[in-house]
Amino acid sequence: MEESKASGDFQYLSGFGNHLSSEALVGALPADQNSPLICPYGLYAEQISGTSFTTPRSHNLFSWFYRIKPSVTHEPFKARVPSNERLLSEFSQSNSTTNPTQLRWKPVEIPDSPTDFIDGLFTVCGSGSSFMRHGYAIHMYTANKSMDKCAFCNADGDFLIVPQQGKGTKVLSVTIFLNSSISYLESWLNNTGLVITTECGRLKVSPGEIAILPQGFRFTVNLPDGPSRGYVGEIFGTHFRLPDLGPIGANGLASPRDFLVPTAWYEDKFNPGYTIVQKFGGELFVAVQDFSPFNVVAWHGNYVPYKYDLNKFCPYNTVLFDHSDPSINTVLTAPSDKPGVALLDFVIFPPRWLVAEHTFRPPYYHRNCMSEFMGLVYGGYEAKVDGFLPGGASLHNCMTPHGPDTKSYEATIARGNNVGPSKITETMAFMFESCLIPRITPWALQSPFLDHDYYQCWIGLRSHFNQKSEVPNLQNNGE
C-alpha cells in the first residue's frame, strides 16, 4: 500500500510498516541500486538503521537518504550549556525514587520565559536504561516558542508524542465540563498543535493526533498556533508496532492505512551556526554545522517518522455483560521478550458506546502487575469526576490499588440495572502501560503541580454491605 494523502501544504504516504519511497525532485531516487558511484543530482547516499543489519527481514528497519550534504559534516559534539537536568534515560536509586502511592498531577503551566521543545521536556518516571537498550521513560513538555536554527536528535530511543494543548485548549477545558456546544471541540481539534520537520519531510500534528519519531532522526518542533503542552513516551532498544488482533480477526483497532508518513521535502541553503542537539544517555550534546539537516531530496525505506489520528481508532467493547480489559484499546505496543507482555503499550479511551447489562460500566477496581501512567488530552474521564484534568496525569504503580472515585461509583450504582445504552463523548484519555516498575523523578515528587489530595477521592467510599439483602438473580434481570 502506498497511497498519497494531502492535508493543506502537507503530503503524506499511508501505511504502517511499509517500504515506502518519496522524492521531491523527479529522478532523485537511484533506479537500480542503493549506493551508486554517483547519485542523481550529485546527491550523497546515506543509510539510517533502526535495527541491527542481521535482524530478521520481517522486523528489519532501515531507510536510504539521498541528501545534498551528509549528516557527518559537523564540528565535534560538546556538552550543551545550558543542559536540561530534568531529563533522564537511566533510572537508579541515585536519581529517582520508588513510590507505590497513587499519584496525580495537575496540568503544568506554560512557562513565561521563552522555552522550546528541547528545554520544555521533563521526565516524570521511567525504568531501565538507554545504555542497556531496555526500558522506557515518560516525559511531559511545555513550550511557547519554535526551535530556532537547531534540530533535535534522540539517540536513546523512539519518541511517541501526544500533543495536548494547542490554540483554544483553555476554552475547551471549560466548555467540555459545562456540556456546552461541541463547536469549541471541533475548532480546537482543527488547530495545528505542532509542525514537526524531519529528514523524511514534514508532519502537521494537532491535539488528538500522535507522532512517532524513531531513534536517531533529526527533527524540529515549530508552534504555528502558539504555546503547546503534551506528553512523550520513550522506549529504549525496541520500536512500536501494531498489536496482534487475536480473536478480533483481521480488522479493528488502529488500521494500518491510517498511519501517515511525510513525503520528501528539503532545504538547500547556507545556514552558518546551525546546531544539532543530540540526546545521548539522557544528556544533551551540541554540534555546529553550516547547513540545514533537512536536505534530503529523496528517500526510501521502512524506518520513518509517522503520525496517527486517534479519532480514526475503531474501538471494541463488550456487548452483553462485564467490562473489557483496557488492552482491547491498544493503539501501539512495544513488546518485551515475553509473549503478550509489553515493555510499553499505548492505550486510548476514546468516545464509544457503553451497552453492557447488569454491569458496573466504568473501569473496575483493580491491582495490576503492570504499571499505568494516564494522561487526558481533552474532555473528562469516566472514572474520575473531579481532579483529573486535560493536561494532567496520574501514575498507578505495580500492584497499587486504583479505580473509580467516590462520586463516579455512587453515581453509577444509583442508576441501577435498568440503565440503557449510553455514549461517552467529547473525551480522549490515554495510558502508557508497562511490565517494568517505573521510578519517579525528583521533579515529579517535588512539583508544585503534584496533587497531594489525590487519595481523598477514594476516602468517601463507604460500605454497602447488607447481609439481609436479597441476592440478585442476574440471569432473570431484564427479561
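Source: prediction; values computed, not measured.

**Examining helix H4 (residues 406-414)**
The periodicity of an α-helix, 3.6 residues per turn, causes residues three or four places apart in sequence to face the same way.
Then, number 1: The set of residues buried in H4 consists of Thr406, Ser408 and Thr412. Relative to the axis of H4, the buried residues are bounded by an arc of 165 degrees and lie together on one face. Opposite the packed face of H4, turned more than 90 degrees from it, sit the exposed residues Lys407 and Ala414.
Then, number 2: Buried residues along H4 sit against helix H6 (456-459).
Then, number 3: Downstream of H4 by one or two residues, Gly416 has phi in the positive range, about 80 degrees.

**Describing the confidence of the model for the chain**
Then, number 1: Per-residue pLDDT for the chain has a mean of 91; in total, 91% of the residues score no lower than 70.
Then, number 2: Under a pLDDT of 50 for its full length, residues 167-189 has, in the predicted model, 35 contacts with residues more than four places off or in other chains.

**Some thoughts on the pattern of salt bridges**
Then, number 1: Taken as a whole and judged by the stated rule, the model has 11 salt bridges.
Then, number 2: Two residues, Glu234 and Lys279, come together in a salt bridge whose shortest N-O distance is 2.7 Å. With Glu234 in strand S16 (residues 228-236) and Lys279 in strand S18 (residues 270-280), this residue pair connects regions lying 45 residues apart in the sequence. For the pair formed by Glu234 and Lys279, the shared burial category is buried.
Then, number 3: The residue Glu410 makes a salt bridge to Arg462 at a minimum N-O spacing of 3.7 Å.

**Some thoughts on the environment of Val286**
Then, number 1: Its location among the elements puts Val286 in strand S19 (residues 283-291).
Then, number 2: Between the C-alpha atom of Val286 and that of Ala79, which follows or precedes it by 207 residues, the distance is 6.2 Å.
Then, number 3: When near neighbours in sequence (up to four residues on either side) are disregarded, Val286 contacts Pro76, Phe77, Lys78, Ala79, Arg80, Thr275, Ile276 and Val277.

**Remarks on the sheet that holds strand S10 (residues 150-154)**
By way of backbone hydrogen bonds, the strands of a sheet pair with one another, either parallel or antiparallel.
Then, number 1: Taken in spatial order, the 7 strands line up as S6-S19-S18-S10-S15-S12-S13 in an open sheet, and their pairing is mixed. In this open sheet, the two edge strands, each paired with only one partner strand, are strand S6 (78-79) and strand S13 (201-205).
Then, number 2: As paired elements, strand S12 (residues 194-198) and strand S15 (residues 218-222) share 4 bridges and run antiparallel to each other. Residue pairing in the sheet places Ile196 in a bridge with Val221 of S15.

**Describing a nonpolar patch on the surface**
Then, number 1: A contiguous nonpolar patch, built from Val319, Leu320 and Phe321 and spanning about 330 Å² of accessible area, is present on the exposed surface.
Then, number 2: Along the polypeptide, Val319 turns up in the loop between strand S21 (306-309) and strand S22 (330-335).
Then, number 3: Given the relative accessible area of 70%, Val319 is considered exposed.

**Some thoughts on the sheet that holds strand S23 (residues 342-349)**
Then, number 1: Pairing is antiparallel across the open sheet formed by 6 strands, whose spatial order is S7-S26-S25-S28-S23-S22. The sheet is open, and its two edges are formed by strand S7 (103-105) and S22, each paired on a single side. In this sheet, adjacent strand axes meet at a mean angle of 15 degrees when their direction is disregarded.
Then, number 2: The sheet contact formed by strand S25 (residues 371-378) and strand S26 (residues 393-396) spans 4 bridges and is antiparallel. Directly across from Met374, in S26, lies its bridge partner Ser394.

**Focus: the UniProt feature "domain: Homogentisate 1,2-dioxygenase N-terminal" (unreviewed entry) in the chain**
Then, number 1: Per the UniProt record, the feature "domain: Homogentisate 1,2-dioxygenase N-terminal" (unreviewed entry) sits at residues 11-167 and 193-310.
Then, number 2: Along residues 193-310, the helical share is 0% and the strand share 53%, with 14 Å between the first and last C-alpha atoms.

**A few points about the packing of aromatic side chains**
Then, number 1: With the rule as written, the count across this model stands at 22 aromatic pairs.
Then, number 2: On the numbers, 5.0 Å between centres and 70 degrees between planes, the contact of Phe16 with Phe259 is edge-to-face. Of this pair, Phe16 sits in the loop between strand S2 (10-14) and strand S3 (20-23) while Phe259 is found in strand S17 (residues 259-262), placing the two residues 243 residues apart along the sequence. Taken as a pair, Phe16 and Phe259 share a single burial class, namely buried.
Then, number 3: Taken together, a centroid distance of 5.4 Å and an interplanar angle of 80 degrees make the contact between Phe16 and Tyr306 edge-to-face. Within this pair, whereas Phe16 is found in the loop between S2 and S3, its partner Tyr306 is found in strand S21, the two being separated by 290 residues in sequence.
Then, number 4: On the basis of relative accessible area, Tyr306 is assigned to the buried category, the value being 9%.
Then, number 5: Against the face of Phe10 rests Arg202, its NZ or CZ located 4.7 Å from the ring centre.

**A look at the pairing of S26**
Then, number 1: Where burial is concerned, the two faces of S26 agree: the one with Ala393 and Leu395 and the one with Ser394 and His396 are both buried.
Then, number 2: Sheet topology places S7 next to S26; 3 bridges connect them, and they run antiparallel. Of the residues in S26, the one forming a bridge with Trp105 is Ala393.

Criteria and cut-off values
Residues numbered from 1 in each chain as written. Predicted model: local features only at pLDDT ≥ 70, side-chain atom pairs only at ≥ 80, totals over all residues. Heavy atoms only, no water. Buried < 20%, exposed > 50% of the residue type's maximum accessible area, 1.4 Å probe, protein only. Helix = DSSP H or I, 4+ residues; strand = E, 2+ residues; numbered from the N terminus. Arc of directions from axis to C-beta. Contact = heavy atoms within 4.5 Å. pLDDT = per-residue confidence, 0-100. Salt bridge = Lys/Arg side-chain N within 4 Å of Asp/Glu carboxyl O. Pairing = 2+ DSSP bridges. Patch = residues over 30% accessible without salt bridge, like charges linked within 9 Å, V, L, I, M, F, W, Y side chains within 5 Å. Areas by Shrake-Rupley, 256 points an atom, 1.4 Å probe, with all protein chains shown as cover. Axes fitted to C-alpha atoms, helices over the stretch in contact; angles between N-to-C directions. UniProt positions renumbered as here; feature names shortened; annotations may be inferred. Phe/Tyr/Trp six-rings, centres within 6.5 Å; stacked < 30°, edge-to-face > 60°. Lys NZ or Arg CZ within 6 Å of the ring centre and 35° of its normal.

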